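# Descriptive analysis of the structure
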Amino acid sequence: HHVDGTLVNRRGIYRDTFGATAAWADYQFRPNIAIAMTVAPELFDADHALVCLHKMSSVLAAPLGMRTLDPADMRYRPYYDNSDDSADALVAHGINYHQGPEWLWLTGYYLRAQLWFLRQAVSAHSDNEAVGGKALRTVYHELHANMTNLKRHIANSQYAGLPELTNKDGAHCRDSCESQAWSSACLLIALHEMAHQLEATVHRILDNEKRADAV
């Protein structure tokens with residue numbers, strides 16, 4: 001696997017790049033992996049993917065968006081400010097756009113990756129429909145819980161939309177687009193997939209349970 005243990009900053013993740021000019025950059029933890037998980041899930045070992053998704057949940061998932069870089073990374077700079085005219089080469093003129101500010105469009109891919117691999121885990125480890133149904137309901141509620149802050153933001157936004165990005169821990173960023181199409185679109189796609197891949201199954205199981213109780 002060509003792993004240099006001296007450069008590993010966090011375990012249980014998928015590396016961001018391979019063969020970077022700066023070797024340490026290969027080992028950075030970023031949310032981009034959720035895109036690959038969604039587009040080509042067959043490339044991933046399901047158990048390993050779930051471990052990585054758990055790490056993303058605890059490390060990269062922010063109140064609205066996804067942190068574009070692990071906060072434990074030495075290059076982490078979570079405040080995006082285009083007007084910064086300092087001599088700090090890591091933040092001046094918003095150069096840190098990809099180094100910590102929290103992008104919202106990536107949240108959609110993160111939720112879709114969760115949906116896919118959690119469903120696969122339930123299918124692989126549950127032969128009993130009742131047990132599997134309970135697990136799927138848990139997945140369903142967890143995914144919707146992850147959207148709570150997003151729904152609240154949309155309800156309170158004068159644009160009824162989602163911003164391009166936020167600063168650290170969901171703080172407002174004055175240099176962010178206040179309502180960006182792909183932020184909302186990626187969330188809508190996640191909701192669409194949930195409706196088609198999960199909700200119908202959950203409702204069918206609930207209906208079957210109600211019929212069984214009635215009998």
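Residues numbered from 1 in each chain as written. Predicted model: local features only at pLDDT ≥ 70, side-chain atom pairs only at ≥ 80, totals over all residues. Heavy atoms only, no water.

Under an unreviewed UniProt entry, the name given to the protein is Bifunctional 4-alpha-glucanotransferase/amylo-alpha-1,6-glucosidase, and the organism recorded is Coemansia aciculifera.

## Quick look at unusual backbone geometry
Cut-off, in case you're wondering: Where helices and strands are cited, they refer to DSSP runs of H or I of at least four residues and of E of at least two residues respectively, numbered from the N terminus.
Non-glycine residue Ala160 carries a positive phi angle of around 50 degrees. With phi around 55 degrees, Asp169 is a residue other than glycine that occupies positive phi space. Tracing the chain through its elements places Asp169 in the loop between β3 (165–166) and α6 (181–214).

## Examining helix α2 (residues 46–60)
Short version of the rule: By this rule, a helix spans an expected 1.5 Å times one less than how many residues it contains. Accessible area is worked out with a 1.4 Å probe on protein chains only. A residue is then buried under 20% of its type maximum, exposed over 50%, and partly exposed in between. Working definition: the arc comes from the directions between the helix axis and the C-beta atoms, pointing outward to the latter. Counted as a polar contact is a pair of N or O atoms within 3.5 Å, where, for protein atoms, one must be capable of donating a hydrogen and the other of accepting one, and residues adjacent in sequence contribute only when both atoms are in side chains.
Helix length check: α2, at 15 residues, gives a terminal C-alpha distance of 20 Å against a target of 21 Å (1.5 Å per residue), a fit within 8%. By the burial criterion, the buried members of α2 are Ala49, Cys52, Leu53, Met56, Val59 and Leu60. Mapping the buried residues of α2 onto a view down its axis gives an arc of 145 degrees, with all of them on the same face. Residues of α2 that are exposed and angled more than 90 degrees away from the buried face: His54 and Ser58. For α2, the N-terminal capping position is held by Asp45, with its side-chain oxygen 3.1 Å away from the main-chain nitrogen of Asp47.

## A closer look at the pattern of salt bridges
Our working definition: The term salt bridge refers to a pairing of a side-chain nitrogen on Lys or Arg with a carboxyl oxygen on Asp or Glu at a separation within 4 Å.
A full pass over the atoms with the stated rule returns seven salt bridges. One salt bridge in this structure joins Arg67 and Glu102, with 3.7 Å as the shortest N-O distance. Separated by 35 residues along the polypeptide, Arg67 in strand β1 (residues 66–67) and Glu102 in strand β2 (residues 102–103) bring together distant segments of the chain. Owing to a relative accessible area of 11%, Arg67 belongs among the buried residues under this scheme. If you follow the salt bridges from partner to partner, you end up with Arg67, Glu102 and Asp169 in one network.

## Structural notes on the nonpolar core
One recurring pattern in soluble globular proteins is that nonpolar side chains are buried together. Formally: As used in this record, nonpolar core signifies buried Ala, Val, Leu, Ile, Met, Phe, Trp, Tyr and Cys residues forming a set joined through side-chain atoms within 4.5 Å. Whether two residues are in contact is decided by their heavy atoms, any of which lying within 4.5 Å being enough.
In terms of nonpolar packing, the biggest core is built from 41 residues, with Met37, Met56 and Leu198 touching the most fellow members. Broken down by secondary-structure element, the contributors of at least two residues to this core are α1 (33–39), α2, α3 (105–125), α4 (129–146) and α6. Here the element with the most residues in this core is α3; it accounts for nine residues. With near-sequence residues (within four places) excluded, Leu198 lies in contact with Leu115, Arg119, Leu136, Val139, Tyr140, Leu143 and Glu193.

## Quick notes on the sheet that holds β2
Sheets are built from strands that pair by backbone hydrogen bonding, the pairs being arranged parallel or antiparallel. The condition is simple: Any two strands are treated as partners once DSSP identifies two or more bridges connecting them.
Spatial strand order, β1-β2-β3: three strands in an open sheet with antiparallel pairing. The open sheet has two edge strands, β1 and β3, and neither has a second partner. Both β1 and β2 contribute to a ladder of two bridges, which runs antiparallel. Following the sheet pairing, Arg67 is matched in β2 by Glu102.

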